[in-house]
Amino acid sequence: MNTENRNHAARLGGKDRPAGVLVVGAGPTGLLLAGDLAAGGVPVTVLERRAPGHGNLSRAFGVHARTLELLDARGLADELVATGHRLRGLRLFRRLSLDLTDLPSRFPYLLITPQYEVERLLERRARAAGVRFEHGTEVLAVRQDDAGVTLDVRAADGTLATRRAAYAVGTDGHRSAVRTALGLPFPGRSVIRSIVLADVRLAEPPPELLTVGGTGDAFAFVAPFGDGWYRVMCWDRTGERPDGDPVGLDEVRDITRRALGTDLGIGEARWLSRFHSDERQVPVYRAGRVLLAGDAAHVHSPAGGQGMNTGLQDAANLGWKLAAVARGRACDALLDTYQAERHPVGAMVLRSSGGIIRLAMARNALQRAFRDLVSLAVGHLPPLRRRALGAVTGIGIAYPAPRGAHPLTGGRAPDLPLREGRLYEALRAGRFVLVTPEGRADGPADPRAVHVTRTDGGRTTLLVRPDGYVAWAAEGADDGVRAAALTAWAGEA
Ligand SMILES: Cc1cc2nc3c(=O)[nH]c(=O)nc-3n(C[C@H](O)[C@H](O)[C@H](O)COP(=O)(O)OP(=O)(O)OC[C@H]3O[C@@H](n4cnc5c(N)ncnc54)[C@H](O)[C@@H]3O)c2cc1C
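Residues numbered from 1 in each chain as written. Predicted model: local features only at pLDDT ≥ 70, side-chain atom pairs only at ≥ 80, totals over all residues. Heavy atoms only, no water.

1. A few points about the overall build of the protein chain
A tally of helices and strands in the protein chain yields 13 helices and 26 strands. Over its C-alpha trace the protein chain gives a radius of gyration of 23 Å, about what one expects of a compact globule, namely 23 Å for 493 residues. Dimensions of the protein chain, computed from C-alpha atoms along their principal axes, come out at roughly 65 × 60 × 40 Å. Relative to its 493 residues, the protein chain shows a buried fraction of 55%. As displayed, the protein chain offers around 20,700 Å² of accessible surface, 53% of which is attributable to carbon and sulfur atoms. Charge-centre separation for the protein chain: the mean point of 64 positive side chains lies 2 Å from the mean point of 54 negative side chains. (Helix = DSSP H or I, 4+ residues; strand = E, 2+ residues; numbered from the N terminus. Rg over C-alpha atoms; globule rule 2.2 N^0.38 Å. Buried < 20%, exposed > 50% of the residue type's maximum accessible area, 1.4 Å probe, protein only. Areas by Shrake-Rupley, 256 points an atom, 1.4 Å probe, with all protein chains shown as cover. Lys, Arg positive; Asp, Glu negative; His and termini not counted. Charge placed at Lys NZ, Arg CZ, Asp CG, Glu CD.)

2. Here we look at the sheet that holds strand β9 (residues 137–144)
Sheet architecture is open: 3 strands sit in the order β9-β10-β11, paired in antiparallel fashion. Each edge of the sheet is formed by a strand with only one pairing partner; in this case those strands are β9 and β11 (160–165). Geometrically, the sheet is characterised by an average inter-axis angle of 25° between neighbouring strands, direction not taken into account. Sheet topology places strand β10 (residues 149–155) next to β11; 6 bridges connect them, and they run antiparallel. Note on β11: the bridge partner recorded for V153 is A161. (Pairing = 2+ DSSP bridges. Axes fitted to C-alpha atoms, helices over the stretch in contact; angles between N-to-C directions.)

3. Structural notes on the site of the ligand
Inspection of the region around the ligand gives 34 residues, with E48, R50, R59, D295 and M308 positioned closest. In this structure, R50 approaches the ligand through a side-chain N or O atom, which is 2.8 Å from an oxygen atom. Contacts to the ligand include G305, whose backbone N or O atom sits 3.1 Å from a nitrogen atom. Relative to its unbound accessible surface of 1,000 Å², the ligand loses 92% to contact with the protein. Within the residue set of the shell around the ligand, elements represented by two or more residues are α2 (28–39), β2 (44–48), β9 and α8 (307–326). In terms of residue class, the shell around the ligand is made up of 13 nonpolar, 14 polar and 7 charged. (Near = heavy atom within 4 Å. Polar contact = N/O pair within 3.5 Å; in protein donor to acceptor, adjacent residues only side chain to side chain. Nonpolar A, V, L, I, M, F, W, Y, C, P; charged D, E, K, R; others polar.)

4. Remarks on the pattern of salt bridges
Inspection of the entire model under this criterion finds 37 salt bridges. Put simply, D199 and R231 hold a salt bridge, and the shortest N to O gap is 2.5 Å. Of this pair, D199 sits in strand β13 (residues 188–202) while R231 sits in strand β16 (residues 230–236); the two residues are 32 residues apart in sequence, bridging distant segments of the chain. Each member of the pair, D199 together with R231, is buried. (Salt bridge = Lys/Arg side-chain N within 4 Å of Asp/Glu carboxyl O.)

5. A word on helix α13 (residues 479–490)
When the terminal C-alpha atoms of α13 are compared, their 16 Å separation across 12 residues agrees well with the 16 Å that a helix rising 1.5 Å per residue should span. Those residues of α13 lying buried are R482, A485, L486 and A490. End-on, the buried residues of α13 take up no more than an arc of 100°, which puts them together on one face. Residues of α13 that are buried in the fold lie against β23 (432–437), β24 (449–454), β25 (460–464) and β26 (470–475). (Expected span 1.5 Å × (residues − 1). Arc of directions from axis to C-beta. Contact = heavy atoms within 4.5 Å.)

6. Some thoughts on helix α5 (residues 115–128)
Here α5 contains 14 residues, and its C-alpha end-to-end distance of 20 Å stays within 8% of the 20 Å for a straight helix at 1.5 Å per residue. Taken together, the buried positions of α5 are occupied by Q115, E117, V118, E119, L121, L122, R125 and A126. The secondary structure elements touched by the buried residues of α5 are α2, β3 (62–63), α3 (65–72), α4 (77–81), β8 (132–135) and α8. Just beyond α5, the residue with positive phi is G130, at close to 105°.

7. Remarks on the pairing of β10
For β9 and β10, the ladder comprises 7 bridges, and the chain directions are antiparallel. Note on β10: the bridge partner recorded for V142 is L151. Here β10 folds back onto β11, and the loop between the two strands holds 4 residues, one of which, G158, carries a positive phi near 90°.

8. Let's talk about the environment of D236
Within the secondary structure layout, D236 lies in strand β16. Relative accessible area serves as the criterion here: at 11%, D236 is assigned to the buried category. For the pair D236 and P414, spaced 178 residues apart in sequence, the C-alpha separation works out to 42 Å. A polar side-chain atom of D236 sits 2.6 Å from a polar atom in the side chain of T238. There is a polar contact of 2.8 Å between the side chain of D236 and the side chain of R258.

9. Some remarks on the sheet that holds strand β18 (residues 286–287)
The 6 strands lie next to each other as β8-β2-β1-β12-β19-β18, forming an open sheet whose pairing is mixed. Strands at the two margins of the open sheet, each flanked by one partner only, are β8 and β18. Both strand β1 (residues 21–24) and strand β12 (residues 167–170) contribute to a ladder of 4 bridges, which runs parallel. Paired with L22 across the strands is A168, a residue of β12. The strands touched by α8 are β1, β12 and β19 (290–292); relative to β12, the strand with the most contacts, the crossing angle is about 165°.

10. Description of the packing of α2 against α8
Working note: a packed helix pair is described by the angle between its axes plus the distance between those axes. Relative to each other, α2 and α8 sit at 25°, their axes nearing to 8 Å. Classified by the angle their axes make, α2 and α8 are roughly parallel. Crossing of α2 against α8: the hand is right-handed. Along the contact surface, α2 presents P28, T29, L32, L33, D36 and L37, while α8 presents M308, G311, L312, A315, A316, L318, G319, L322 and A323. Here the residues of the contact of α2 with α8 sort into 11 nonpolar, 3 polar and 1 charged. (Parallel < 35°, antiparallel > 145°, perpendicular 65-115°, else oblique. Left-handed = near helix turned anticlockwise from the far one by under 90°.)

Structure, rendered in structure tokens:
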């Protein structure tokens, strides 16, 4: 162990009583999680297989409203929005589009920006919060005991070593070594066997910001990087090939032409690749001191653009809980709520993205008739439309509430106007926020929460979790009741 690693081990608490968290994988999920943990006062090391300076393959292009809200709660949303374009409607398939302009959010759109912009901001934030990065470090094996977790790692030069901490989180993508080392299954199946990705120049750029189209056998999606290059993602059901088969530009042109009616004048390519898309979810997100998040826990088709968004929301759910447990401020059982809250969301995303892709690619008359029925129902029944909108954008996600709880409990807290600014600005402290109505005498300041006053006329008192969901709500709660709610969620004062 070199001096730097020895010093860090000391900071993590030594060999026998380790502290801190090891995050495996510096994709969007790991970066957001690491930043949250460090901001919460936990020593964090990110172990990343890629060499320094080697960017992740940019896959995602869409950042949904709920993710933008979570980034707003970290002071990053406005900067990210400035890097991209706002898409006000989302076409899921031929006759079904969702109008995003009515979303009850500060971000009533889908932000089109490459994944690397999200990662750039999250990495900068994580470094500023004190996260330590070890690039060129591949995690090979995981062992855990009552006191901590030990990871076997291999450096780029082949040197083997171990890293130890109180907890570890596998955010190492769909082929997660952490998940494999835990012996957890990843049940599911391949949905699309041969998706072609191409970064190209276009002689005839599409009029729409995001172009999606499909016939029975061919499907294509086109999105701009914003620098003159476009990402074409296309799939030919009749011509599926193994991932390793080379991709030719003629293949990309042919599928695009069949799917969209034009090949958009596809010219020079800077990168071509072929991959397959699976639908899988690990049955448990936690095994003792090791947790899984993002693609390591669930993967699905790119339809609806939800993978990165779901991973970022996993991280936001886990970060404050793990920080509280790692610092001894909450009991271990709080970590079980991560599984209880996020596993059903992952399952829902698998269902919805799978449903979209199957309907988009409907082949026979019966399937097409069903698709038209779904389009009609979602288009004309406001409750169904709201549900679809809430699921795709993440705005409608809510967590289970105990029986008899106030109806707002577990729901997403809206960005309420406050005497002190906005709720999502107050959440930037990374703490619970106690929101009381105007005109009610302030109780004694409680160090466990940021105290703010809502100015929207609402009379409900809210305790908002650091991840922007309502922990507890009440009409006319007195100081004692509020303090009890804080103790239940944030521990003893
Ligand atoms: C074509 C395509 C389009 C997509 N479009 C969208 C979209 O529009 N919107 C959306 O939300 N999502 C989209 N997705 C999904 C999205 O890209 C992923 O869900 C997202 O990258 C997952 O992030 P992650 O951090 O969980 O994992 P990853 O981004 O896969 O990051 C994992 C990291 O772990 C590292 N790693 C792996 N193994 C090890 C190891 N053993 N030791 C150390 N490090 C390791 C890797 O190098 C990597 O940096 C798309 C995916 C595809 C394929």
